[in-house]
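For reference, the chains in residue letters:
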Amino acid sequence: MKLCLSRTWRTLSARSNHKRILSTAAKSTKVSNTQRETFLERVTTGPGLQDFINVKHVPRVNAIPDPTTIVPYINPDTYAGQGRRVFFEVYGCQMNTNDTEVVWAVLQENGYNRTSDVQEADVIMLVTCAIREGAEQKIWNRLKHLNAMKSKRPARRPLQITLLGCMAERLKERLLEREQCVDVIAGPDSYKDLPRLLAVSRHYEQATINVLLSLDETYADVMPVRLNVESPTAFVSIMRGCDNLCTYCIVPFTRGRERSRPVTSIVNEVLALRDKGVKEVTLLGQNVNSYRDITVSNSNDKVTSNIAPGFSTIYKPKIGGVPFATLLCTVAEAVPEIRIRFTSPHPKDFSEDVLRVIRDYPNVCKSLHLPAQSGNDAVLARMRRGYTRDAYLRLVDTIRSYVPNVGLSSDFICGFCGETEEEFDDTITLIEEVRYNVAFLFAYSMRERTTAHRKYVDDVPEAAKIERLQRMVKAFRHTATALQKEYEGRDELILLEGKSKRSSESWFGRNEANIKVIVPATALPTSKNSAETKEIAAGDFIVAKITESNSQVLKGTPLYISTISDFYNK
Ligand code: SAH
Ligand code: SF4
Ligand code: F3S
């Protein structure tokens, strides 16, 4: 038998899912008897259990599986999109935005087109999030609408509805019990399989599913195709998955184990983005600073880990390979003229090596996300965050000693299992003590499968969660307003991103701390001492004097166009 066994297994698992789906999805009746006979005949004459015993795992490496080896009962031509138009709807975090660019690269390669008009679409792809109940509720509501749209479509123009991302991974075929309009369900590690999943689903008019998580898939061999080519900013995914298993969080179950993409493939993508005119790159990962390229050994192989003092992990220290600090300075040196950011980091991985790189490279933004989640030791222990309030505060001091004007942001959850009023008060005092420029504040939402779901009770009443959320917002706004006021009178380097939503007479951009800055549209000198001027535009770095502030936005007077190196050598 010439079939690639790992792929055959996926084909069969999809087939067995078909069987399960067949019993729940009414549309299976649409398959003609001849089609069913051929299909069943091939299933019964196909490989048996013996074929899978003692077989080594074959990593999935091809960007696009070879059609001739995969589904012998489907004509390879039907893998191709044949110009079908895809409409993307992206929910959740930046990882989903970047994954959508990987998906689009895979589909474009297979003959699909893209449309920005949902009515025109042949395939609608929802890229979903599962972090809180509310995120999933949005998708259920959307599916109701799409179901209605699908049923109105004439038979000659069928609509395929595809669910990708974390909700697809979390619910798997259970999705179809509630909403049968979904044709393809694909988890975050199976996007290269989408042309096949779409083709099989089209051919048999049945739902197809691939939610296998991978230990090695990083999509390093797929060059993402950007969805918003106008934007001067771009994301580059450097690692996937999370090994931390915070007790409240679904991400380790939807995104799988941590794995990092090789340094060279990251640098190549960043260089390609620079060549396309991108001016700011955000390195992405669920746990971005726990990055480690183990495909390369380096002289630090004996050094065990780079965990910050006072922090611990539930997993064995990662040994060898290229750590995040080295990747960051490699990227910073490769593209000195463009800004580098990274998200989302975990506080434990802010070694002093990383802080030195942030301090020493002018193009690495002096802004850090430092998700605290809670200010109380008992809650932090129940959340399994691996640090105390004191260790976190010491880290903040260390960071500010290396990078005095650093912009800090954080995530906080209120109303976690068992959180008392006194415990919550510690979160408020932490927000006041640290003073963050930006904060993402959430009421706890219990997720199935997490440790909290198994061990704890979601016992903080909804009304108390909402009241605590409002208190967090108030405490954050109060400190952020004072902090943002300190920018007034300063000259800040701003990367312009687009016209302001409120007025076409203004541009918006971001300063290094990632705070939004609004400036009036105007012509400016092309450098500090130049007599030549030009109208400012998206993608320009400009220097502006900050004149006004509130907790969210700064306003400024634009002075001149600049570059990162000119600004810092002033
Ligand atoms: N890897 C990132 C977090 C990704 S999820 C990190 O550790 O920072 C983004 C944020 O969602 C988390 O930081 C947390 O504040 C919030 N979150 C995660 N699970 C949640 C839940 N079950 N209920 C409410 N908020 C949650
Ligand atoms: Fe979730 Fe914790 Fe991992 Fe962040 S570090 S993704 S909060 S488990
Ligand atoms: Fe949501 Fe998945 Fe991101 S759960 S926050 S889309 S990693």
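Anything mentioned here points back to the structure above.
The structure displayed is predicted, hence computed values, not measured ones.

*Asks:* How would you explain the sheet that holds strand β15 (residues 407-414) if you had to name every residue and give the values?
*Replies:* What the 3 strands build is an open sheet, ordered β14-β15-β16; its pairing is parallel. At either margin of the open sheet sits one strand with a lone partner, and together these are β14 (367-369) and β16 (438-443). For this sheet, the mean inter-axis angle between neighbouring strands, taken without regard to orientation, is 10 degrees. Of the strand pairs in this sheet, β14 and β15 are connected by 3 bridges, and their pairing is parallel. Counted as the bridge partner of Ser367 is Gly407 from β15.

*Asks:* Any details on unusual backbone geometry? Residues and values, ideally.
*Replies:* Among all residues except glycine, the phi angle is most often negative; among peptide bonds, the trans geometry is most common. Look at the link from Thr343 to Ser344: it is a cis peptide, with omega at 5 degrees. For Gln82, which is not glycine, the phi torsion reads 50 degrees and is therefore positive. If you trace the backbone, Gln82 turns up in the loop between α2 (33-45) and β1 (85-90). Exposure remark for Gln82: the relative accessible area of 56% places this residue in the exposed category. One non-glycine residue, Leu245, lies in positive phi territory at about 55 degrees. In this structure, Leu245 sits in the loop between β8 (239-240) and α8 (251-255).

*Asks:* Can you lay out the site of ligand 3 for me, pointing to particular residues and giving the numbers?
*Replies:* Taken together, the neighbourhood of ligand 3 is formed by Cys93, Asn96, Cys129, Ala130, Ile131, Cys166, Arg255 and Gln286. Grouping the amino acids of the shell around ligand 3 by side-chain chemistry returns 5 nonpolar, 2 polar and 1 charged.

*Asks:* Tell me what's going on with the sheet that holds strand β19 (residues 516-520), and back it up with residues and numbers.
*Replies:* Strand order in this closed barrel of 5 strands is β17-β18-β19-β23-β22, and the pairing throughout is mixed. In this sheet, neighbouring strand axes are inclined to one another by 50 degrees on average, regardless of whether the strands run parallel or antiparallel.

*Asks:* Pulling in residues and values, what's your account of the nonpolar core?
*Replies:* If you look at the biggest cluster of nonpolar residues, it comprises 65 residues, and the most contacted ones within it are Ile238 and Leu328. Composition of this core by domain shows at least three residues from each of domain 3 (231-361) and domain 4 (366-486). With near-sequence residues (within four places) excluded, Ile238 lies in contact with Ser260, Arg261, Ile266, Leu283, Leu284, Val288, Tyr291, Phe324 and Leu327. Counting 29 residues, the second largest nonpolar core, distinct from the first, contains Leu163, Leu175, Cys181 and Ile185.

*Asks:* Account for the site of ligand 1, with residues named and values stated.
*Replies:* Around ligand 1 lies a shell of 16 residues, among which Arg132, Gln286, Gln373, Asp411 and Ser445 are the nearest. The separation between an oxygen atom of ligand 1 and a polar side-chain atom of Ser344 is 3.2 Å. Protein chains bury 88% of the 530 Å² of accessible surface belonging to ligand 1 in isolation.

*Asks:* Break down the packing of helix α10 (residues 324-334) against helix α11 (residues 352-360) for me, citing the residues and quoting the values.
*Replies:* At a minimum axis separation of 8 Å, α10 and α11 run at an interaxial angle of 15 degrees. In terms of orientation, α10 lies roughly parallel with respect to α11. Judged by the twist between their axes, the crossing of α10 over α11 is left-handed. Seen from α10, the contacting residues are Phe324, Ala325, Leu328 and Cys329; seen from α11, they are Asp353, Val354, Val357 and Ile358.

Calculation rules
Residues numbered from 1 in each chain as written. Chains lettered and ligands numbered in written order. Predicted model: local features only at pLDDT ≥ 70, side-chain atom pairs only at ≥ 80, totals over all residues. Heavy atoms only, no water. Pairing = 2+ DSSP bridges. Helix = DSSP H or I, 4+ residues; strand = E, 2+ residues; numbered from the N terminus. Axes fitted to C-alpha atoms, helices over the stretch in contact; angles between N-to-C directions. Buried < 20%, exposed > 50% of the residue type's maximum accessible area, 1.4 Å probe, protein only. Near = heavy atom within 4 Å. Nonpolar A, V, L, I, M, F, W, Y, C, P; charged D, E, K, R; others polar. Core = buried A, V, L, I, M, F, W, Y, C linked by side-chain atoms within 4.5 Å. Domains from an automatic or database assignment. Contact = heavy atoms within 4.5 Å. Polar contact = N/O pair within 3.5 Å; in protein donor to acceptor, adjacent residues only side chain to side chain. Areas by Shrake-Rupley, 256 points an atom, 1.4 Å probe, with all protein chains shown as cover. Parallel < 35°, antiparallel > 145°, perpendicular 65-115°, else oblique. Left-handed = near helix turned anticlockwise from the far one by under 90°.

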